[in-house]
Amino acid sequence: MSDPASSLAASTEASAAERAYLVTKARILRGDLAGGASLSETTVCQELGLSRTPVHEAFLRLAAEELLTLESRKGAVVRPMSPSEADDVVEMREAVEAAAAARAISIDRGDLARELADQLAIQEDCVTRGDIDGLIDADDAFHTAVIAASRNPIASHFARILHDRAQRLRHQLIRVRPEHLAVTLDDHRELAAAIDAGDADAYRRVLARHVDILRGIL
């Protein structure tokens, strides 16, 4: 029989590692920790009130996801996203989503159109309030809904692989071009209208324009 005290300690450490992971990852994706920035385990331990072990585990996990580079002398360094990597992300995201949208339209565009209308209402509220983080999350939810509606698990798998890099690009875009909040909403209205009309070609055209703005922001 396992020792309850040992099990509780292990569970507590695991939750601490998850907290360190989520907090640090969010800071990287938002751009609070810029590419090339050094990050020490000691600093994170002090900021979050955690011991060294869970923070080290979080750093290893972030390194495996290619968000951190662990260097023997410098410690952890936030991995920058190069312009060519950004182009690759945009290219693959566009290809996956355009194909997913075409399939979703052929399956049942009515349910998806209603879901996107709900997402647009959330985005409109975020723009009105100037809620940048909220809009970026709603932006992600909008595109995720389109891919999920395709009922293509391979498309969903690729979208998950691209997700973190896409979020970094979204945050970077709003940082350098805050006026793009309203443009994002307008593009989403056109994308939703294309789904409602069952026009996969129109969706593909608007999507190409929508994601092209992400090129060249790094």
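Computed from a predicted structure; not experimentally measured.

**Description of the pairing of strand 2 (residues 68-71)**
Relative to strand 3 (residues 75-78), strand 2 runs antiparallel, the two sharing 4 bridges. Each residue of the ladder has a partner; that of Leu 70, found in strand 3, is Ala 76. What sits between the antiparallel neighbours strand 2 and strand 3 is a turn of 3 residues.

**Focus: the packing of helix 4 (residues 83-129) against helix 5 (residues 132-149)**
Look at helix 4 against helix 5: their axes get within 5 Å of each other, and the N-to-C directions meet at 150°. The orientation of helix 4 with respect to helix 5, classified from their angle, is roughly antiparallel. Pair helix 4 / helix 5 crosses with right-handed handedness. Along the lines of polarity and charge, the residues of the contact of helix 4 with helix 5 split into 19 nonpolar, 4 polar and 4 charged.

**Notes on the sheet that holds strand 3**
Ordered by their spatial adjacency, 3 strands build an open sheet running 1-3-2, and the pairing between neighbours is antiparallel. Unpaired on one side and paired on the other, strand 1 (38-39) and strand 2 mark the two borders of the sheet. The sheet contact formed by strand 1 and strand 3 spans 2 bridges and is antiparallel. By the bridge assignment for strand 3, Ser 38 is matched with Val 77.

**Things to note about the confidence of the model for the protein chain**
Across the protein chain, the average pLDDT comes to 90, with 93% of residues at or above 70. Taking the mean pLDDT of every element in the protein chain, the minimum, 74, falls on helix 1 (residues 4-30) and the maximum, 96, on helix 8 (residues 200-212). Overall, residues 1-11 carries pLDDT values under 50, and its contacts beyond four positions in sequence, including any with other chains, amount to 1 contact.

**Looking at the environment of Glu 124**
Relative to the helices and strands, Glu 124 resides in helix 4. Accessibility expressed as a relative area gives 32% for Glu 124, which makes it partly exposed. On a C-alpha basis, the gap between Glu 124 and Val 90 in space is 24 Å, while along the polypeptide they are 34 residues apart. Residues contacting Glu 124, with those up to four places away along its chain left out, are Leu 185 and Arg 189.

**Looking at unusual backbone geometry**
Positive phi, close to 65°, is recorded for Glu 66, a residue that is not glycine. Along the chain, Glu 66 turns up in the loop between helix 3 (52-64) and strand 2. Residue Glu 66 is classed as partly exposed on the basis of its relative accessible area, which comes to 39%. Phi at Arg 151 is positive, roughly 55°, even though this residue is not glycine. By the element assignment, Arg 151 lies in the loop between helix 5 and helix 6 (153-176). The exposure class assigned to Arg 151 is exposed, which follows from its relative accessible area of 58%.

**Observations concerning helix 3**
Helix length check: helix 3, at 13 residues, gives a terminal C-alpha distance of 18 Å against a target of 18 Å (1.5 Å per residue), a fit within 8%. Within helix 3, the full set of buried residues consists of Pro 54, Val 55, Ala 58, Phe 59 and Leu 62. Axial view of helix 3: buried residues confined to an arc of 140°, hence all on one face. Within helix 3, the exposed residues directed more than 90 degrees away from the buried face are Arg 52 and Ala 64.

**Some details on helix 7 (residues 180-197)**
The terminal C-alpha atoms of helix 7 lie 26 Å apart, and with 18 residues this matches the ideal 26 Å at 1.5 Å per residue to within 8%. Taken residue by residue, helix 7 has His 180, Leu 181, Thr 184, Leu 185, Asp 187, His 188, Leu 191, Ala 192, Ala 194 and Ile 195 as its buried positions. For helix 7, the secondary structure elements touched by its buried residues are helix 4, helix 5, helix 6 and helix 8. At the C-terminal side of helix 7, Gly 198 shows a positive phi close to 70°.

How each quantity is defined
Per chain, the residues get numbers from 1 upward, laid out in the order the sequence is written. Per-residue local features are limited, in this predicted model, to residues with pLDDT of at least 70; the limit for side-chain atom pairs, both in listing and counting, is 80 or more; totals at the level of whole chains, interfaces and linings are taken over all residues. As a rule here, side-chain values cover all heavy atoms of the structure and leave hydrogens and water aside. For two strands to be treated as a pair, DSSP must find no fewer than two bridges joining them. Every helix listed is a DSSP run of H or I at least four residues long, and every strand listed is a run of E at least two residues long, numbered separately from the N terminus. Axis lines are fitted to C-alpha atoms, over the contacting stretch for helices. Their N-to-C directions set the angle, which ranges from 0 to 180 degrees. We call two directions roughly parallel when the angle between them is under 35 degrees, roughly antiparallel when it is over 145, roughly perpendicular when it lies between 65 and 115, and oblique otherwise. Rotating anticlockwise by less than a right angle from the far helix to the near helix defines a left-handed crossing, while the corresponding clockwise rotation defines a right-handed one. Charged means Asp, Glu, Lys or Arg here, nonpolar means Ala, Val, Leu, Ile, Met, Phe, Trp, Tyr, Cys or Pro, and polar covers whatever is left, Gly included. Values of pLDDT, which run from 0 to 100, indicate the predictor's confidence residue by residue. In this description, contact between two residues means that some pair of their heavy atoms is separated by no more than 4.5 Å. Any residue under 20% of the maximum accessible area for its type is buried, any over 50% is exposed, and the rest in between are partly exposed; the area is computed with a 1.4 Å probe on protein chains only. By this rule, a helix spans an expected 1.5 Å times one less than how many residues it contains. By arc we mean the arc of the directions from the helix axis to the C-beta atoms, nothing more.

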